[in-house]
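Chain residues, written in single-letter form:
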Amino acid sequence: MSGYPYPKNFLWGTSISSYQTEGGNLSSDWWDWEKKGKTQDKSGQACDYWNRWPNDHDLLSELGVQAFRFSLEWSRLEPKEGEFSQIALAQYREMLEDLKRRGIKSIVTLWHWTSPLWFQKKYGFHRREAVAVFVKYVERVTKELGDLIDIFVVVNEPMVPLGEGYLTGNFPPGYRSPLRFWKALNNLAQAYRKAYEKIHALKPEAQVGLSCLYNWYDAQGGNWLEKVANKIALGFRVNWFMEKVKNQQDFFGIDYYRLGKIKFDPQNSTYLGFRIVEDEKNIMRWVTYPEGIFRVLSTAWEKYHLPIYVLENGLPTNEGLEDQERVNFIQEHLKCLRKALESGIDVRGYCYWSLLDNYEWLSGYQMRFGLVEIDYATLARKPRKSFYAYKEIIKNNSLI
Ligand code: BGC
């Protein structure tokens, strides 16, 4: 009998997103962004998931997951305003049917940061008309594919594209405007609420929510200024958006990665005299903090009392196939998640980010998060040590 059993119906899963894996999303605002030289690499064919998905779904079956989180690419589905691609609709349908046949629940993100270029040019979330346009897209995909979707994640981590698209200017549409940021924040929240209502009108029993990037901000040992800064960071990342949508969520979706400790350090400041504490040994300089997942789950449960799904949690390393660090990362985080379950928090599932190495936005292909390694020259897939370790956990429904 192993040491850390999980509840019987706990959903084990893994996540990807469309733009980061499918390849060839020519009609997307990000494709255009890349062409302008705004990113480290161009996404190109990415993992070619669009063509190799049957093989990748075989990997899911081998891993033994009960859930798979992936996203629909709006720009592929609606490359021109109001004109939906029958080919894309049919293929997503085929993919969803395939998951169903394999007994894998689909967790489907409807907007994982990328929009059709026409949408970004004509609207953009800072314009009020964007709300109706987004809801129309949601309505269409729910009508066409909703019967096969088990869990709807309407938007992924809204504060990331809002902050990067409207304050730092690093993501499309590339503005640095607090006013536009404010408008986009309110419009995206409204779009979310309306999408939630629309999905429920079409499919009353649907499970609908969003995912929130919820890292742990900790000012322990810091001075009052750092305490305030960490509070603001947490408010910005989590509360600003979540408070606007708290009555339209059937579950709380959490993406947890790291410790987000903010220090006052005028000499090495990255923002207004502050910087985030970094770990130089990590390729993205992220500070791993397994206990943080327990703290985040406890705080979210206390505040919202909704069933929780961890929809992303993962580690970037360049250890290759022998990724012991990733194995440890998964084990440690799952121990802390187990502690949350023991303390009565209703966590229903966990998805590791990511099944495959993939296109990491501004940083490109150098950052590898996959349980499966991709050789970008040949696109060959090779499961890593962490793939087999996670497979064992799923098979036993327990940590060793
Ligand atoms: C995003 C993913 C991204 C991952 C790692 C998450 O915040 O949803 O798209 O690849 O973090 O940075």
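Provided above is the structure to which this section pertains.
What counts, and where the lines are drawn
- Residues numbered from 1 in each chain as written.
- Predicted model: local features only at pLDDT ≥ 70, side-chain atom pairs only at ≥ 80, totals over all residues.
- Heavy atoms only, no water.
- Pairing = 2+ DSSP bridges.
- Helix = DSSP H or I, 4+ residues; strand = E, 2+ residues; numbered from the N terminus.
- Axes fitted to C-alpha atoms, helices over the stretch in contact; angles between N-to-C directions.
- Contact = heavy atoms within 4.5 Å.
- Buried < 20%, exposed > 50% of the residue type's maximum accessible area, 1.4 Å probe, protein only.
- Right-handed = clockwise from strand over helix to strand, strands pointing away.
- Near = heavy atom within 4 Å.
- Polar contact = N/O pair within 3.5 Å; in protein donor to acceptor, adjacent residues only side chain to side chain.
- Areas by Shrake-Rupley, 256 points an atom, 1.4 Å probe, with all protein chains shown as cover.
- Nonpolar A, V, L, I, M, F, W, Y, C, P; charged D, E, K, R; others polar.
- Expected span 1.5 Å × (residues − 1).
- Bend = angle between axes of the 7 residues up to and from the residue.
- Core = buried A, V, L, I, M, F, W, Y, C linked by side-chain atoms within 4.5 Å.
- Phe/Tyr/Trp six-rings, centres within 6.5 Å; stacked < 30°, edge-to-face > 60°.
- Salt bridge = Lys/Arg side-chain N within 4 Å of Asp/Glu carboxyl O.

A. Spatial organisation of the sheet that holds strand S7 (residues 252–255). Strand order in this closed barrel of eight strands is S2-S3-S4-S5-S6-S7-S10-S11, and the pairing throughout is parallel. Put simply, the sheet's adjacent strands are angled 25° from each other on average, direction ignored. Across three bridges, the pairing between strand S10 (residues 308–312) and strand S11 (residues 347–353) is parallel. Residue pairing in the sheet places Tyr-309 in a bridge with Gly-349 of S11. Of the strands in this sheet, strand S2 (11–15) and S11 touch helix H13 (residues 385–396), which is tilted by about 155° from S2.

B. Just the pairing of strand S6 (residues 207–213), in detail. With six of seven residues buried, S6 lies mostly within the body of the structure. Each parallel crossover has a hand, and for S6 linked through helix H10 (residues 224–242) to S7 it is right-handed.

C. Summary view of the site of the ligand. Around the ligand sit Gln-20, His-112, Trp-113, Asn-156, Glu-157, Tyr-257, Trp-286, Glu-312, Trp-353, Glu-360, Trp-361 and Phe-369, and that is every residue in its neighbourhood. A distance of 2.9 Å is found between an oxygen atom of the ligand and a side-chain nitrogen or oxygen belonging to His-112. When the ligand sits alone it has 310 Å² of accessible area, and the protein chains cover 95% of it. Residues belonging to the shell around the ligand are distributed by class as follows: six nonpolar, three polar and three charged.

D. Seen up close, the side chain of Asn-25. Turning to its location among the elements, Asn-25 is positioned in the loop between helix H1 (18–21) and helix H2 (29–35). Reaching out from Asn-25, the side chain makes a polar contact with the side chain of Glu-22 at a distance of 3.2 Å. Within the structure, Asn-25 has its side chain in polar contact with the side chain of Arg-76 (distance 3.1 Å). Not counting residues within four places of it along the chain, the set of residues in contact with Asn-25 comprises Ser-18, Tyr-19, Trp-31, Glu-73, Ser-75 and Arg-76.

E. View of H10. Helix length check: H10, at 19 residues, gives a terminal C-alpha distance of 26 Å against a target of 27 Å (1.5 Å per residue), a fit within 8%. Considering bend angle alone, the principal kink of H10 is centred on Gly-235 and spans about 45°. For H10, the complete set of buried residues consists of Glu-226, Ala-229, Asn-230, Ala-233, Leu-234, Gly-235, Phe-236, Val-238, Phe-241 and Met-242. With a side-chain oxygen positioned 3.1 Å from the backbone nitrogen of Leu-225, the residue opening H10 is Asn-223.

F. Here's a closer look at the side chain of Ser-71. Residue placement: Ser-71 occurs in strand S3 (residues 67–71). For Ser-71, a relative accessible area of 1% gives the class buried. At a separation of 2.7 Å, a polar atom in the side chain of Ser-71 contacts the main-chain amide nitrogen of Ser-18. Among residues more than four places away in sequence, those in contact with Ser-71 are Ile-16, Ser-17, Ser-18, Glu-22, Tyr-92, Thr-109 and His-112.

G. Looking closely at the environment of Gly-370. Looking at the secondary structure, you find Gly-370 in the loop between S11 and strand S12 (372–375). When its relative accessible area of 0% is taken as the criterion, Gly-370 is described as buried. Residues Gly-370 and Glu-319, 51 residues apart in the sequence, show an inter-C-alpha distance of 11 Å.

H. Seen up close, the nonpolar core. Core analysis: the biggest nonpolar cluster contains 134 residues, and Phe-134 and Leu-337 have the highest contact counts within it. Of all the elements, helix H9 (residues 178–202) adds the most residues to this core, at 10 residues. Residues in contact with Phe-134, not counting those within four places in the same chain, are Trp-74, Trp-111, Phe-125, Val-154, Val-155, Ala-191 and Ala-195. Core analysis: the next-biggest nonpolar cluster, separate from the first, contains nine residues, Leu-11, Ile-151, Val-153 and Cys-351 among them.

I. Layout of the packing of aromatic side chains. Counting across every chain of the model gives 42 aromatic pairs. For the ring pair Phe-251 and Tyr-309, a centre distance of 5.4 Å and an interplane angle of 90° mean the geometry is edge-to-face. Within this pair, whereas Phe-251 is found in the loop between H10 and S7, its partner Tyr-309 is found in strand S10, the two being separated by 58 residues in sequence. Judged by its relative accessible area of 0%, Phe-251 is buried. By relative accessible area, which is 10% here, Tyr-309 ends up buried. Taken together, Tyr-19, Trp-30, Trp-113, Phe-171, Tyr-359, Trp-361, Tyr-365 and Tyr-376 form an aromatic cluster joined through their ring pairs.

J. Fine view of the pattern of salt bridges. Under the counting rule described, the total for this entry stands at 31 salt bridges. In this structure, Lys-122 engages Glu-81 in a salt bridge whose closest nitrogen and oxygen atoms are separated by 2.8 Å. Taken together, the positions of Lys-122 in helix H6 (residues 117–122) and Glu-81 in the loop between helix H4 (74–77) and helix H5 (86–101) put the pair 41 residues apart, joining distant regions of the chain. Its relative accessible area of 49% is what places Lys-122 among the partly exposed residues. Beyond isolated ion pairs, a larger network of salt bridges with shared partners links Asp-58, Asp-98, Arg-101 and Arg-102.

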